[in-house]
Amino acid sequence: MARPRALITGGAGFLGSHLCERFLAEGFEVVCMDNLVTGDIRNVEHLFADEHFHFEKRDVTEHIHVPGAVDSVLHFASPASPIDYLELPIQTLKVGSLGTHKALGLARAKNARFLLASTSECYGDPLVHPQSEDYWGNVNPVGPRGVYDEAKRFAEAMTMAYHRFHGLDTRIVRIFNTYGPRMRLRDGRALPAFMSQALAGEPLTVFGDGSQTRSFCYVDDLVEGIWRLLNSKEHLPVNIGNPSEMTILEFAQAVIRATGSQSGIEFRPLPVDDPKVRQPDITKARRLLGWEPRVPLAEGLARTLEHFRARLGAPPAVRGGR
Ligand code: UDP
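All figures in this text were calculated on a predicted structure; none of them were measured in a lab.

**Details of the packing of aromatic side chains**
Remark: the centre distance and the inter-plane angle together describe each pair of aromatic rings, the angle taken between the planes. For the coordinates displayed, the defined rule picks out 11 aromatic pairs. Ring centres of Phe-23 and Phe-28 lie 4.9 Å apart, and the angle between their planes is 70°; on these two criteria the pair is classed as edge-to-face. Accessibility expressed as a relative area gives 1% for Phe-23, which makes it buried. A relative accessible area of 9% places Phe-28 in the buried class. Ring geometry for Phe-48 against Phe-53: centres 6.0 Å apart, planes inclined by 25°, an arrangement best described as stacked. Under the relative-accessibility criterion, Phe-48 is labelled partly exposed at 44%.

Pasting the structure below:
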């Protein structure tokens with residue numbers, strides 16, 4: 001029997017590359033599409049030896065042509081860190097809007113299932129805590145993060161329109177803060193910043209007073225949630241994230257502990273519209289998918305550290321810790 005075939009846009013990015021691995025392991029043929037603006041070919045180089053893996057360097061905001069059958073389209077292409085949105089505001093808007101339209105159009109032409117990578121940013125600086133899927137959010141459309149938030153909100157609306165109007169078989173995952181190997185070192189997000197700084201013995205740059213909260217999910221848990229969602233029948237958005245909430249100051253201290261670093265903390269101004277709190281309500285994912293995260297923070301940080309040491313050319317951890 002022919003293998004099922006998946007198109008993963010943004011497949012050379014942090015999340016995309018982990019999805020490529022998972023779909024190959026599940027017996028799929030994988031077409032990984034990425035224009036490498038924020039993706040990195042090193043994230044998928046190890047898959048080139050697999051005859052079922054195909055890489056296409058292409059911009060998903062232009063017409064995409066994929067010959068042959070496609071069973072699943074996973075739209076993960078997008079700049080994904082606040083620094084990226086500042087540097088690539090138009091591309092961020094285009095990939096969320098035009099890119100989603102093209103990916104939906106391809107799914108429709110191929111009669112494929114479509115899964116949109118959406119985001120907790122749809123909730124903006126939330127006035128409801130924790131955030132459940134029925135909360136409509138508190139987003140500033142004209143602030144610096146608006147380009148990402150509004151593009152993803154548009155993408156959700158477009159996905160539901162294709163579902164309702166064209167009968168396309170769609171899924172929407174709202175992804176909360178996720179970390180793990182293959183995050184870009186200089187994407188400005190909390191984990192890559194803190195881990196690079198801790199490994200270099202530099203102070204960790206905590207924005208504001210560090211009392212803002214986030215809830216960090218290890219990438220393997222996220223991928224499991226996405227896999228289960230794709231195989232469910234739910235068309236409305238589902239939160240996937242780790243509900244264990246902590247302040248950013250606590251998170252910085254956890255990274256210092258995990259790295260065994262002597263680094264201190266340096267406080268910097270809080271970026272505009274930085275959400276004050278964020279925690280997923282995962283009741284829906286638990287009920288519909290039987291899913292919840294399993295990897296504790298200390299273990300996830302230890303696994304991530306190996307990746308950062310390798311990319312930074314730092315010596316590997318000595319057994320027994322430093
Ligand atoms: N942050 C920080 N120092 C950094 C990078 C980020 O204190 O060097 C803070 C940021 O202000 C936010 C939190 O960490 O409150 C998470 O930021 P990130 O960029 O990882 O993702 P966000 O959840 O804001 O999209």
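**A short note on helix H9 (residues 297-312)**
Between the first and last C-alpha of H9 there are 22 Å, a value that for 16 residues agrees with the 22 Å anticipated at 1.5 Å per step. Looking at H9, one finds that the buried residues are Gly-300, Leu-301, Thr-304, Leu-305, His-307, Phe-308 and Arg-309. Where the residues of H9 are buried, they touch strand E7 (178-179), helix H5 (190-200), strand E10 (217-218) and helix H7 (248-259).

**Points about the environment of Ile-265**
Within the secondary structure, Ile-265 sits in strand E13 (residues 265-268). The exposure class of Ile-265 is partly exposed, given its relative accessible area of 29%. The sequence separation of Ile-265 and Ala-198 amounts to 67 residues, and the corresponding C-alpha distance is 9.8 Å. Among all residues touching Ile-265, those that are not within four sequence positions of it are Leu-204, Val-206, Leu-249, Ala-252 and Ile-256.

**Considering the pairing of strand E1 (residues 5-9)**
For a regular strand, side chains alternate in direction, first toward one face of the sheet and then toward the other. When you tally the buried positions in E1, you get five out of five residues, the bulk of the element. Along E1, one buried face is formed by Arg-5, Leu-7 and Thr-9 and the opposite face, lined by Ala-6 and Ile-8, is buried too. Where E1 lies against strand E2 (residues 29-34), five bridges are found, and the strand directions are parallel. Its bridge partner lying in E2, Leu-7 is registered against Val-31. Between the parallel pair E1 and E2, the chain is carried across by helix H1 (residues 14-25), and the sense of this crossover is right-handed. Note: E1 against strand E4 (residues 72-75), four bridges, orientation parallel. When the bridges of E4 are listed, Thr-9 appears paired with His-75.

**With respect to the sheet that holds strand E3 (residues 53-57)**
Judged by pairing direction, the sheet is parallel, and its seven strands sit side by side in the order E3-E2-E1-E4-E5-E6-E11 without closing on themselves. The open sheet has two edge strands with one neighbour each: E3 and strand E11 (238-240). This sheet shows a mean twist of 20° between the axes of neighbouring strands, independent of strand direction. Strands in contact with H1 are E1, E2, E3, E4 and strand E6 (170-175); relative to E1, the strand with the most contacts, it is inclined by about 170°. The strands that helix H4 (residues 146-166) touches are strand E5 (113-119) and E6; relative to E5, the one it contacts most, it runs at about 155°.

**Quick word on the state of the cysteines**
Using the criterion set out here, one finds zero disulfides in the structure. No disulfide involves Cys-20; its nearest neighbouring cysteine sulfur is the one of Cys-32, lying 4.1 Å away. Accessibility expressed as a relative area gives 0% for Cys-32, which makes it buried.

Cut-offs used in this document
Residues numbered from 1 in each chain as written. Predicted model: local features only at pLDDT ≥ 70, side-chain atom pairs only at ≥ 80, totals over all residues. Heavy atoms only, no water. Phe/Tyr/Trp six-rings, centres within 6.5 Å; stacked < 30°, edge-to-face > 60°. Buried < 20%, exposed > 50% of the residue type's maximum accessible area, 1.4 Å probe, protein only. Helix = DSSP H or I, 4+ residues; strand = E, 2+ residues; numbered from the N terminus. Expected span 1.5 Å × (residues − 1). Contact = heavy atoms within 4.5 Å. Pairing = 2+ DSSP bridges. Right-handed = clockwise from strand over helix to strand, strands pointing away. Axes fitted to C-alpha atoms, helices over the stretch in contact; angles between N-to-C directions. Disulfide = S-S within 2.5 Å.

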